[in-house]
Amino acid sequence: MSDLRDWAEQADLTDPLAWVRERFDLDDGVVYLDGNSLGALPRAVPARVAEVISHQWGRLRIRSWSESGWWDAPQRIGDRIAPLVGARPGHVVVGDSTSVNVFRAVVSALRMTPGRTEVLVDATTFPTDGYITESAARMTGARVRAVRPEDVPAELGPDTALVLLNHVDYRTGRLWDMGALTGAVHSAGARVLWDLSHSGGALPVELDRHRVDFAVGCTYKYLNGGPGAPAYLYVRPDLLPELDQPLTGWCSHADPFGMEPRYRPAPGIARARAGTPEIISLLTLDAALDAWDGVDIAQVRQKSLALTEFFVRCVDELVPGRVRSVTPADESRGSQVSLSCVDAETVMKELIARGVVGDYRPPDILRFGFTPLYTRHVDALRAAEVLAEVLS
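Since the model is a prediction, treat every value here as computed from it, not as a measurement.

A. Local environment of the pairing of strand S6 (residues 143-147). Alignment of strand S5 (residues 118-122) against S6, held across five bridges, turns out to be parallel. What sits directly across from Val 119, in S6, is Val 144. In this view, the connection linking S5 to its parallel neighbour S6 by way of helix H6 (residues 127-140) has right-handed handedness.

Structure, rendered in structure tokens:
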């Protein structure tokens, strides 16, 4: 035990991201390992939101659409997210939910791939992605097949229009090879849509490098944008001129205040917008993204791997034979560790009661998310210690 503690304390002393933890409002005595569901509150957010409400809305009112930059917020905040997902400015827009953006991307891909009517969906996907794809397929006359990510290259065919994949499996934490799978999809003449909800902000994502067609992601996990924070949508640069998205609201019009009776799409990523942006939640996210100022995403990944590897080591030593990790032991993992455990739901409730907050996924998964911006190695050790207490 002393060896584990010495190692954890030394790792925290030499952690190049240790200074970022002070940017978050965290409880003493609580180990928060559920940032893969809802990120912690950045300290700068409450004052900024109060200013938005009291001054921008309260005093400037309608003038804030221009004077406070409300109108351009979806693109401006998208540009702040872009470097975290390997995209250039002007190709990420923020707004609506992940579900809405999945629908927008699926229908767009089908419209932009004429003559093909099949959509392959990650069989292990987060449920809403599958639900939305099935609905979009019914509306467009397409059909959907569920395929495991590792089987995608063998399952692609001449009728495949789109493949929807999760970058990190939300249950197991498995990280899929974006470059290899995107290349396979493109070789078959199809398009790819990646859901980055469990990778954006946790590890480097290289959308432009791999020529990904579409990507979506939420901002309330590793980006700490707050509950229900708006999601983001990425469209590959060369696809923007032909983007034919299904939600052609007034904010995606070439002249939104011209009030023309017929629709003309706006140039650039603005054509992926729809209706009036959700200003207060957008600007909450904008404030939360200040926590990333000066942060190197490569260091985030290094710390993520170190934290998850150390946690598994602690569990192996303190809880031998009582749980089993279903998360890959090599670097093909995101920033979480999932443990298979008997009576997992009850175990997680007890962990939370003792100050270690993770979450449970049926039927037997204890899920622990490690947010490198504020999680320490001593937190990983403490979580393993409490797990040993509960299981004993």
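B. Region of interest: the side chain of Asp 195. Inspection of the secondary structure puts Asp 195 in strand S8 (residues 191-195). Buried within the structure, Asp 195 lacks any salt-bridge partner; Lys 221 is the closest side chain of opposite charge, at an N-O distance of 7.9 Å. Here the side chain of Asp 195 touches Ser 197 through a polar contact of 2.7 Å, side chain to side chain. In contact with Asp 195, not counting residues within four places along its chain, are Thr 98, Asp 129, Leu 165, Asn 166, His 167, Val 216 and Gly 217.

C. Spotlight on the sheet that holds strand S15 (residues 365-369). Strand order in the open sheet formed by four strands is S11-S12-S15-S14, with antiparallel pairing between adjacent strands. Edge positions in the sheet fall to strand S11 (324-325) and strand S14 (359-361), since each of these pairs with one other strand and no more. The pairing of S14 with S15 spans three bridges and is antiparallel. Bridging from a neighbouring strand, Tyr 360 pairs with Leu 366 of S15. Packed onto the sheet, helix H10 (residues 297-318) meets S11, strand S12 (336-340) and S15 and runs at close to 25° relative to S12.

D. Spatial organisation of the domain arrangement of the protein. For the protein, the domain assignment lists domain 1 (2-43 + 296-391) and domain 2 (71-292). One C-alpha centre belongs to domain 1, the other to domain 2; they are set 29 Å apart. The interface is formed by 32 residues belonging to domain 1 together with 24 residues belonging to domain 2. Between domain 1 and domain 2, the buried area comes to about 2,100 Å², and carbon and sulfur atoms account for 62% of it. Where domain 1 touches domain 2, the interface holds zero salt bridges.

E. Representation of the UniProt feature "modified residue: N6-(pyridoxal phosphate)lysine" (unreviewed entry) in the protein. Under the UniProt annotation, "modified residue: N6-(pyridoxal phosphate)lysine" (unreviewed entry) lies at Lys 221. By secondary structure assignment, the location of Lys 221 is in the loop between strand S9 (214-217) and strand S10 (232-235). Note on Lys 221: relative accessible area 9%, which makes it buried.

F. Structural view of helix H9 (residues 279-288). Burial analysis of H9 places eight of its 10 residues in the buried class, which makes it a mostly covered element. All of the buried residues along H9 are Ile 279, Leu 282, Leu 283, Thr 284, Leu 285, Asp 286, Ala 287 and Ala 288. The elements touched by buried residues of H9 are strand S3 (41-42), helix H2 (45-60), helix H3 (64-67), helix H4 (73-81) and strand S4 (92-94).

G. Region of interest: H2. Considering bend angle alone, the principal kink of H2 is centred on Val 52 and spans about 25°. Buried within H2 are the following residues: Val 45, Val 49, Val 52, Gln 56 and Leu 60. Looking at the buried side of H2, the elements it contacts are S3, H3 and H9.

H. Highlighting the packing of aromatic side chains. Taken as a whole and assessed by the stated rule, the structure comprises 10 aromatic pairs. Each ring, one from Phe 311 and one from Phe 368, has its centre 5.1 Å from the other, and the planes form 55°; the classification is tilted. Within this pair, whereas Phe 311 is found in helix H10, its partner Phe 368 is found in strand S15, the two being separated by 57 residues in sequence. Per residue, the accessibility class of Phe 311 equals that of Phe 368, and both read buried. Above the ring of Trp 176, the side-chain terminus of Arg 174 is found at 4.0 Å from the ring centroid. The aromatic ring of Trp 71 is capped on one face by Arg 273, whose charged end is 4.8 Å from the ring centroid.

Here is what the cut-offs are and how they apply
Residues numbered from 1 in each chain as written. Predicted model: local features only at pLDDT ≥ 70, side-chain atom pairs only at ≥ 80, totals over all residues. Heavy atoms only, no water. Pairing = 2+ DSSP bridges. Helix = DSSP H or I, 4+ residues; strand = E, 2+ residues; numbered from the N terminus. Right-handed = clockwise from strand over helix to strand, strands pointing away. Buried < 20%, exposed > 50% of the residue type's maximum accessible area, 1.4 Å probe, protein only. Lys, Arg positive; Asp, Glu negative; His and termini not counted. Salt bridge = Lys/Arg side-chain N within 4 Å of Asp/Glu carboxyl O. Polar contact = N/O pair within 3.5 Å; in protein donor to acceptor, adjacent residues only side chain to side chain. Contact = heavy atoms within 4.5 Å. Axes fitted to C-alpha atoms, helices over the stretch in contact; angles between N-to-C directions. Domains from an automatic or database assignment. Buried area = accessible area lost by both parts, 1.4 Å probe. UniProt positions renumbered as here; feature names shortened; annotations may be inferred. Bend = angle between axes of the 7 residues up to and from the residue. Phe/Tyr/Trp six-rings, centres within 6.5 Å; stacked < 30°, edge-to-face > 60°. Lys NZ or Arg CZ within 6 Å of the ring centre and 35° of its normal.

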